[in-house]
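Listed below are the residues making up each chain.
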Amino acid sequence: MAQLIKKIKGTEDILPRDSYKWQFIEKVLSEEARVFGFKEIRTPVFEQTGLFVRGVGEGTDVVQKEMYTFETKGGESLTLRPEGTAGAARALLEHSLTNDGLPIKANYFTTCYRYEKPQAGRQREFHQFGMEVYGADSPVADAELICAGASIFERLQLQDVRLEINSIGCPACRKEYHKALKEYFASHKETLCGTCNDRLEKNPMRILDCKSPICKEIAKDAPKIIDYLCEDCKDHFEKVKTYLEDAGVKYTVNPTIVRGLDYYTNTVFEFICDGIGAQSTVCGGGRYNGLIEELGGNPLPALGFAIGLERLLMVMDAQGIEIPKPEAPALYIAALGESAEREAFSIVNSLRQSGLEAHFDIVGRGLKAQMKYADKIGAKFTLVLGDNEIETQKAQLKNMQTSEKTDIRLGEHFNSDFFAALIESENAGNLF
Ligand code: ATP
Ligand code: MG
């Protein structure tokens, strides 16, 4: 026998028996996006490597260590998207979406690819839902976006979601801060990891986001950006907080959040849910006013967030949040013999045309095995058709929940309208 091929390390299959959970959260997220005024954007899974180097930032973990980059036959360097924002921003510029009027509000569902050490809540291919807003500078836009995140978690009934916010200011106020950070970290140069030593000169703020426990410990006592904000940035942050309070969204200020991507300015935030292990951040976001310019466009304020969908499902599972099961099939027809099979085929076709889920046997099972299968798939009703039923055009419809059996006439009477009414009434007896 040929050897089985296995899935790539750090990837997961979403199987037919579980896909309803994904469809459920996708539906809730899409609905929330709609009421907040967002429209979906879909961008390609691969882009020119330069887009992510510029859009995510050269000094970030994502660009330095985590990207799936490859060369095409033509010698071009491409990268599988590690996140959703850069592609959305590129599309905005490429299609001049700003001509459609501001703000532009776009949401996305994407797979992301990062070369990381796989563990619970950390995969190499994972899914994100993101919301992006372009063209809004006001702190009310930050508050509205954060509200959308809070509303999603509320709608999904998540418990104990913590919102932590911070402001990392603008390039101007960060200048002073960088100086203070450099000084502080320079005194710990020997203990910092190799990557952070490189960051010390180029971008000392990235050290604050390092995952190494030693660097994390050192970072705890580092100067805080919040103490270095310029008046405008301070004011912006204060207003975001006020609007959040107005909206009844609870938060704590965590001055250590800086986010992993380079293009962030002002507001940064995370929604954190303990109880799913070390990877407890389900959503990360903030403002990135420098991004569009970095990608060659005219300056345009921007903000957004991304929710890790695997982590979201982990939290829901850990908290025992029930995801509605798909509706049971309406009918299973157990058919024996060729004429019965043809009749069954015709009946299920007519029901399916009306949007009802109907099944009959296509793998050649015997009667007993067909009934067992009907039970397994949870069919609401079953119908047994054999030569006798075809000849008399009469059959028995069984309600699988109540075991009630009803005599029905095949043909004209047993059509989809009848069946839809039957499902509605859940009691065949009422219809005769
Ligand atoms: P982390 O600090 O956990 O590495 P990050 O800052 O790299 O997260 P973002 O780039 O902000 O994460 O992505 C947004 C969200 O996507 C995260 O909050 C998380 O829920 C999810 N996420 C990020 N990386 C992974 C991954 N490798 N596997 C699964 N989910 C992930
Ligand atoms: Mg990461």
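(A) How the structure looks around unusual backbone geometry. Following Leu 102, the chain continues into Pro 103 via a peptide bond in cis, with omega recorded as -5 degrees. Structurally, Pro 103 is set in the loop between α4 (85-94) and β5 (104-113). Here the phi dihedral of Ser 96 falls at roughly 45 degrees; this positive angle occurs in a residue that is not glycine. By secondary structure assignment, the location of Ser 96 is in the loop between α4 and β5. For Ser 96, a relative accessible area of 33% puts it in the partly exposed group. Even without being glycine, Asn 266 reaches a positive phi, approximately 55 degrees. Here Asn 266 lies in strand β9 (residues 265-273). By relative accessible area, which is 7% here, Asn 266 ends up buried.

(B) Layout of the packing of helix α1 (residues 19-35) against helix α5 (residues 139-155). Relative to each other, α1 and α5 sit at 140 degrees, their axes nearing to 10 Å. Judged by the twist between their axes, the crossing of α1 over α5 is right-handed. In this structure, α1 uses Val 28, Leu 29 and Glu 32 to contact α5, whose residues at the interface are Ser 151, Ile 152 and Arg 155. Its residues placed into classes, the contact of α1 with α5 shows three nonpolar, one polar and two charged.

(C) Main features of the pattern of salt bridges. Evaluated as defined, the whole model comprises 22 salt bridges. In this structure, Asp 137 engages Arg 287 in a salt bridge whose closest nitrogen and oxygen atoms are separated by 3.6 Å. Residue Asp 137 is found in the loop between β6 (125-134) and α5, and its partner Arg 287 is found in strand β10 (residues 281-287); the two are separated by 150 residues along the sequence. Of the residues examined, Arg 287 reaches a relative accessible area of 0% and is grouped as buried. Connected through shared salt-bridge partners, Glu 47, Arg 90 and Glu 94 make up one network.

(D) Spatial organisation of a nonpolar patch on the surface. Residues Val 45, Phe 46 and Phe 70 make up a contiguous nonpolar surface patch of roughly 240 Å² in combined accessible area. Residue position: Val 45 is located in the loop between β1 (39-40) and β2 (46-48).

(E) Looking closely at the sheet that holds strand β3 (residues 68-71). Pairing is antiparallel across the open sheet formed by three strands, whose spatial order is β2-β4-β3. Where the open sheet ends on each side, the last strands, each with one partner, are β2 and β3. Each neighbouring strand pair of the sheet contributes to a mean axis angle of 35 degrees, computed without reference to strand direction. Direction of pairing for β3 relative to strand β4 (residues 77-80): antiparallel, over a ladder of four bridges. Residue pairing for β4: Thr 69 is matched across the bridge by Thr 79. Sheet strands touched by helix α2 (residues 49-56): β2, β3 and β4. Its angle to β2, the strand with the most contacts, is close to 80 degrees.

(F) Region of interest: the nonpolar core. Tyr 134, Ile 168, Leu 181, Phe 185, Leu 192, Met 205 and Leu 208 are the most contacted members of the largest nonpolar core, which totals 49 residues. Apart from residues no more than four positions distant in its own chain, Leu 192 is found in contact with Phe 185, Asn 197, Ile 207, Cys 215 and Ile 218. In this structure, Ala 143, Phe 237, Leu 313 and Ile 321 belong to the second largest nonpolar core, which totals 45 residues.

(G) Expanded view of the site of ligand 1. The local shell around ligand 1 holds 16 residues, among which Arg 114, Glu 116, Gln 123, Arg 259 and Thr 281 are the closest. Interatomic distance of 2.9 Å between a side-chain N/O atom of Gln 128 and an oxygen atom of ligand 1. Between an oxygen atom of ligand 1 and a main-chain N or O atom of Gly 308, the distance comes to 3.3 Å. Contact with the protein chains hides 92% of the accessible area of ligand 1, taken as 590 Å² for the molecule alone. At the level of secondary structure, the elements contributing two or more residues to the shell around ligand 1 comprise β6, β10 and β11 (302-308). Residue composition of the shell around ligand 1, grouped by class: four nonpolar, six polar and six charged.

(H) Examining the pairing of β10 more closely. Of all seven residues making up β10, six are buried, and the element is well covered by its neighbours. Where β9 meets β10, six bridges bridge the pair, whose relative direction is antiparallel. Along β10, the bridge assignment pairs Glu 270 with Gly 284.

Scoring rules and cut-offs
Residues numbered from 1 in each chain as written. Chains lettered and ligands numbered in written order. Predicted model: local features only at pLDDT ≥ 70, side-chain atom pairs only at ≥ 80, totals over all residues. Heavy atoms only, no water. Helix = DSSP H or I, 4+ residues; strand = E, 2+ residues; numbered from the N terminus. Buried < 20%, exposed > 50% of the residue type's maximum accessible area, 1.4 Å probe, protein only. Axes fitted to C-alpha atoms, helices over the stretch in contact; angles between N-to-C directions. Left-handed = near helix turned anticlockwise from the far one by under 90°. Contact = heavy atoms within 4.5 Å. Nonpolar A, V, L, I, M, F, W, Y, C, P; charged D, E, K, R; others polar. Salt bridge = Lys/Arg side-chain N within 4 Å of Asp/Glu carboxyl O. Patch = residues over 30% accessible without salt bridge, like charges linked within 9 Å, V, L, I, M, F, W, Y side chains within 5 Å. Areas by Shrake-Rupley, 256 points an atom, 1.4 Å probe, with all protein chains shown as cover. Pairing = 2+ DSSP bridges. Core = buried A, V, L, I, M, F, W, Y, C linked by side-chain atoms within 4.5 Å. Near = heavy atom within 4 Å. Polar contact = N/O pair within 3.5 Å; in protein donor to acceptor, adjacent residues only side chain to side chain.

These figures capture arrangement, not role.
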